[in-house]
Structures are given as structure tokens and as C-alpha cells.
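Here is what each chain is made of, one letter per residue.
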Amino acid sequence: MKGRPKQSEPTPLFIYKQEFINKDGVKSTWFWDKTRFANGPYKVSISYPDGWISDEEARYKRNKKLPKHKQKYLNPKTGKEISYQRYIQLGYKI
């Protein structure tokens, strides 16, 4: 056979997995199978390191030790921490 060999197109990946590790040590693994579900991963598994607690649990533990006027609460609209007085002003009840 003379000349240049025929070029074959690269075969796309249909089955693979991706691993992501957050700065706080939470590891999430995304499983992809384009023949099974074409629009995204068909399964995501999340594993937490030993002793890991969520931000909400940490805030609860901090607030438990403080007097009411020094406690911090999460503003549902903005997602930021606000003081007890501001929380009451916004009309939320504890």
C-alpha cells in the first residue's frame, strides 16, 4: 500500500469517572456513562473524612456556648451570618 495511512477518528469516551476533592476534604466521585444517560453523570458518591461536621453543625455548637445576644444565625435570603438582633429585625423567630 502506497502513501499515507488512513486517519481514523478518535473514539469518544463513553464510560469514565471523575474525582473531586474539596478544600475541606470532602471527596466526590462522578460516574459517567454516555450510553446510559447522555446529559450528565448517572451516579455521584460523596465521602466525608473522619470527624467532618457541616457548617450548620459547627455554628450550632458555637452558639450553644454563647449568650443569646452574641449568637450568629444564617440569613435565609443571603446565606450570610447575621447577629441575633438583626435576625429578629428581619422578622424571623427562633
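Residues numbered from 1 in each chain as written. Predicted model: local features only at pLDDT ≥ 70, side-chain atom pairs only at ≥ 80, totals over all residues. Heavy atoms only, no water.

## What about the confidence of the model for the protein chain?
Stage number 1. Averaged over every residue, the pLDDT of the protein chain is 89; the share at 70 or more is 99%.
Stage number 2. No element of the protein chain has a lower mean pLDDT than helix 1 (residues 55-65), which averages 87, and none a higher one than strand 2 (residues 27-33), which averages 96. (pLDDT = per-residue confidence, 0-100. Helix = DSSP H or I, 4+ residues; strand = E, 2+ residues; numbered from the N terminus.)

## Section: the packing of aromatic side chains
Stage number 1. As enumerated under the stated definition, the model contains 7 aromatic pairs in all.
Stage number 2. For the pair Tyr 16 and Trp 32, a centre-to-centre distance of 5.7 Å together with 10° between the ring planes defines the contact as stacked. Of this pair, Tyr 16 sits in strand 1 (residues 15-21) while Trp 32 sits in strand 2, placing them 16 residues apart in sequence.
Stage number 3. Classification of Tyr 16 as partly exposed rests on a relative accessible area of 27%.
Stage number 4. On the numbers, 6.1 Å between centres and 45° between planes, the contact of Tyr 73 with Tyr 84 is tilted. (Phe/Tyr/Trp six-rings, centres within 6.5 Å; stacked < 30°, edge-to-face > 60°. Buried < 20%, exposed > 50% of the residue type's maximum accessible area, 1.4 Å probe, protein only.)

## What to know about the environment of Lys 65
Stage number 1. Here Lys 65 is to be found in helix 1.
Stage number 2. Between the alpha carbons of Lys 65 and Tyr 48 there is a distance of 26 Å; along the sequence they are 17 residues apart.

## Structural notes on the side chain of Arg 59
Stage number 1. Structurally, Arg 59 can be placed in helix 1.
Stage number 2. Other than its neighbours up to four places away in sequence, Arg 59 contacts Lys 72, Tyr 73, Leu 74 and Glu 81. (Contact = heavy atoms within 4.5 Å.)

## Thoughts on the side chain of Gln 71
Stage number 1. Relative to the helices and strands, Gln 71 resides in the loop between helix 1 and strand 4 (72-74).
Stage number 2. One polar contact links the side chain of Gln 71 to the main-chain carbonyl oxygen of Asn 63, over a distance of 3.0 Å.
Stage number 3. When near neighbours in sequence (up to four residues on either side) are disregarded, Gln 71 contacts Asn 63, Leu 66, Ile 82, Ser 83 and Tyr 84. (Polar contact = N/O pair within 3.5 Å; in protein donor to acceptor, adjacent residues only side chain to side chain.)

## Details of the pattern of salt bridges
Stage number 1. Applying the stated criterion to the full structure yields 4 salt bridges.
Stage number 2. For the salt bridge of Lys 27 with Glu 19, the shortest nitrogen-to-oxygen distance reads 3.9 Å.
Stage number 3. Since its relative accessible area comes to 32%, Lys 27 is described here as partly exposed.
Stage number 4. A salt bridge links Glu 81 to Arg 59; the nearest nitrogen and oxygen atoms lie 3.0 Å apart. Here Arg 59 lies in helix 1 and Glu 81 lies in strand 5 (residues 81-83), a separation of 22 residues in the sequence.
Stage number 5. Overlapping salt bridges, with partners in common, bring together Lys 17, Glu 19 and Lys 27 in one network. (Salt bridge = Lys/Arg side-chain N within 4 Å of Asp/Glu carboxyl O.)

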